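Notes for the structure review
Below are the chains, spelled out letter by letter.
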Amino acid sequence: MENRTQKLEDMEPPIHFTRQMNNIFDLYFNNTNVSVAVVDLNHRVFQVNKAFETLYGWSGEEVIGKFLSTTPPGLAEQERAIHQSVITSGQPYSYETVKISKEGYEFPVSATLSPLKDHSGHILALVEVVRDISQRKVEEERFRESEERYRKLVELSPLPILVYNEFRITYVNAAAVKLLGADNQEQLIGKSMLEFIHPDDIERHQAQVEQLLKEKQPSELMGNKLVQLGTQQVIEVEIRAVPVEHLGSMSVQLLCQDVTQKKVMERIVRERDEEYRRMVRLLPEPIIVHQQGVICYINDVGCRLLGVASPAEIVGASVYEFIHPDSLELVNQRLKTVALADDYIPFIELRLILKNGEQLAIEASSVVLHSYLGIPVIQTVFRDITGRKLAEEMLRQSEKLSVVGQLAAGIAHEIRNPLTSLVGFSKLIKNASPNKVQEYADIMLDELSRINGIVNEFMLIAKPQDGRFEDQSINGIIANVISLVQPLAILHNVEIRMENENDFTYIIKCDEGKLKQVFINLIKNAIEAMPAGGTIDIILQQMKERRLQITLRDSGTGIAEELIPKLGDPFVTTKNEGTGLGLMVCYRIIEAHQGTLHIHSQLGKGTSIEIELEYSNAILR
């Protein structure tokens, strides 16, 4: 054994071995894109190729003849064991592990460690071939996550899903187990699907499946009757069949929906139709009756509200088809609440999507009429609040104009100074020398530019905005607002200071005019909260996950703790003549920008407002 493991540097390599090594170098070192390193039996580097240098970051001159570990410390013992195993067995060994670069960066690799022998079979060195598999690992993880998401989607789907091959069931999810009346999957796997198809539908179902497998296209939605296991109870379902590859062969996947209750409800509605119509049809309020989200009845006013010609167009459809995505979660919560209530629950504001695709602002309240088969039948009353929303918008515009009016007072004061200079220099210029005329003209142009800048910022706030979201510098927006409100601040002996912790320019996608309106409202509120003067600090702070926090902190009178949760509601205000609409507008504008606004305050110690927005880029100034 001693002769088989002698040191590489102590041996005089024969000519044919040198020639062999040269051939190996030409083949593996110069013509391969995988890392190859030769180490002696004492782990000193004998040779590396260019791919090694690229992969690890060390040059050949840095490593040849040295003890170099490309293995993280935690895997060193495992690596030594693999080396010893190859030396002892004389056989190559392939494995996956983690390597570390010169910069200390760890990455996954596929490695093969092989013994390098002379013509007598003596092991001279070890050859390590390494491939970076970082990308493969990423793809494997993505594939695993994709498969896991699909598995969860199928297993946790509320819709029953079955898969069968040649009519033998190979998979059922939990909802399908319940649909077919079984206790577990084992009771169904391996059984013929035809056992669960009602005899009246077997021939038709077989023909549909045959056509499906021939065309390899999903079927249209088709009605079937199924027979439950054990009880033999007949249930009505709607089925869509899809050809799928499962367990290595072409199979049929059934997506089912139990419509038994729906069919029962349709029969009940038909039986009571005349009674219901006389009671509800002529009511002036839109009314919809639904069970488990399926519409059972709608009156004429409701049809007109949703933009359908008759109840026949909508009965049997899902009520969620007409709910705006932003209101879905709120509707789900309310329907759970109404099932526990004995009376109408308070009206809530929602957005509907009408038949023609238009959106409508409404308020709705619901009540449980009765329970059928243990499932509540719910009546919902809608009210169109478009007119009220328009009135609220007019109030918001009134609040905006009020802000503009107050700013105008400060701006008029600020403009008065450059106007005074202009009047004075206009008189001096009449009798001034040519050199003085030029000097006076330059000063007058500066003053005019100053007035123009103030007026432009004022007009940007006063004019209607087009509501377009574009990439803008939030630093620039705030700086422009500060210059606009500066005259008002000076009138109230208030100093406005802006601090940018990281000295970045933050780019956000926003409606510039709307955000300016927010900061003007907030800074004006802060100024008014300091009747004896003070300071306003505006701080930009970078947060995690591309979030920017903008803090406005004043040293004013503060707000009572019990009032803070109500701020943002209409007509909730700390001002004697305020409406509270300004702050409400601020909240809604920030929400429209996918941001948050929080207020912290203590009486006598001032108020701090924190606004968080997402930025798309941060540029070092």
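Residues numbered from 1 in each chain as written. Predicted model: local features only at pLDDT ≥ 70, side-chain atom pairs only at ≥ 80, totals over all residues. Heavy atoms only, no water.

Taken together, the five strands give an open sheet; going across it, the order is β2-β1-β5-β4-β3, and neighbouring strands pair in antiparallel fashion. The sheet is open, and its two borders are formed by β2 (45-48) and β3 (93-100), each paired with just one other strand. The average angle at which neighbouring strand axes cross in this sheet is 30 degrees, direction not considered. As defined by bridge partners, strand β1 (residues 35-39) adjoins β2 across three bridges and the pair is classed as antiparallel. Following the sheet pairing, Ala37 is matched in β2 by Val48. Here helix α4 (residues 76-89) sits on the sheet and contacts β1, β3, β4 (106-117) and β5 (123-132); the angle it forms with β5, its principal contact strand, is near 130 degrees. (Pairing = 2+ DSSP bridges. Helix = DSSP H or I, 4+ residues; strand = E, 2+ residues; numbered from the N terminus. Axes fitted to C-alpha atoms, helices over the stretch in contact; angles between N-to-C directions. Contact = heavy atoms within 4.5 Å.)

Turning next to the packing of aromatic side chains. Per the stated rule, a full pass over the model turns up eight aromatic pairs. Aromatic side chains Tyr56 and Phe107 sit 6.0 Å apart centroid to centroid with 50 degrees between the ring planes, which places their arrangement in the tilted category. In this pair, Tyr56 sits in helix α2 (residues 50-56) while Phe107 sits in strand β4, placing the two residues 51 residues apart along the sequence. Phe107 shares its class with Tyr56; the two are buried. In this structure an aromatic cluster arises from ring pairing among Phe52, Tyr56, Trp58, Tyr105 and Phe107. (Phe/Tyr/Trp six-rings, centres within 6.5 Å; stacked < 30°, edge-to-face > 60°. Buried < 20%, exposed > 50% of the residue type's maximum accessible area, 1.4 Å probe, protein only.)

Now for the pairing of strand β8 (residues 222-227). Where β8 and strand β9 (residues 234-246) come together, six bridges link them in antiparallel fashion. In the strand pairing of β9, Lys225 is matched with Glu236. With antiparallel pairing between neighbouring strands as the criterion, β8 and β9 make up a hairpin whose turn holds six residues, including Gly230 at a positive phi of roughly 80 degrees.

Attention now goes to helix α11 (residues 328-338). Along α11, the residues classified as buried are Val331, Arg334, Leu335 and Val338. The buried residues of α11 occupy an angular sector of 100 degrees when projected down its axis, which confines them to one face. Opposite the buried face of α11, at more than 90 degrees from it, the exposed residues are Glu329 and Lys336. (Arc of directions from axis to C-beta.)

With 45 residues, the main nonpolar core has Ile474, Ile538, Ile550 and Ile611 as its most contacted residues. Looking at this core, the element that brings in the most residues is helix α14 (residues 474-491), giving nine residues. Every residue in contact with Ile474, bar those within four places of it in the chain, is listed here: Tyr506, Ile508, Leu515, Phe519, Leu540, Leu548 and Ile550. Core analysis: the second largest hydrophobic core is formed by 25 residues, Phe167, Met193, Leu212 and Met222 among them. (Core = buried A, V, L, I, M, F, W, Y, C linked by side-chain atoms within 4.5 Å.)

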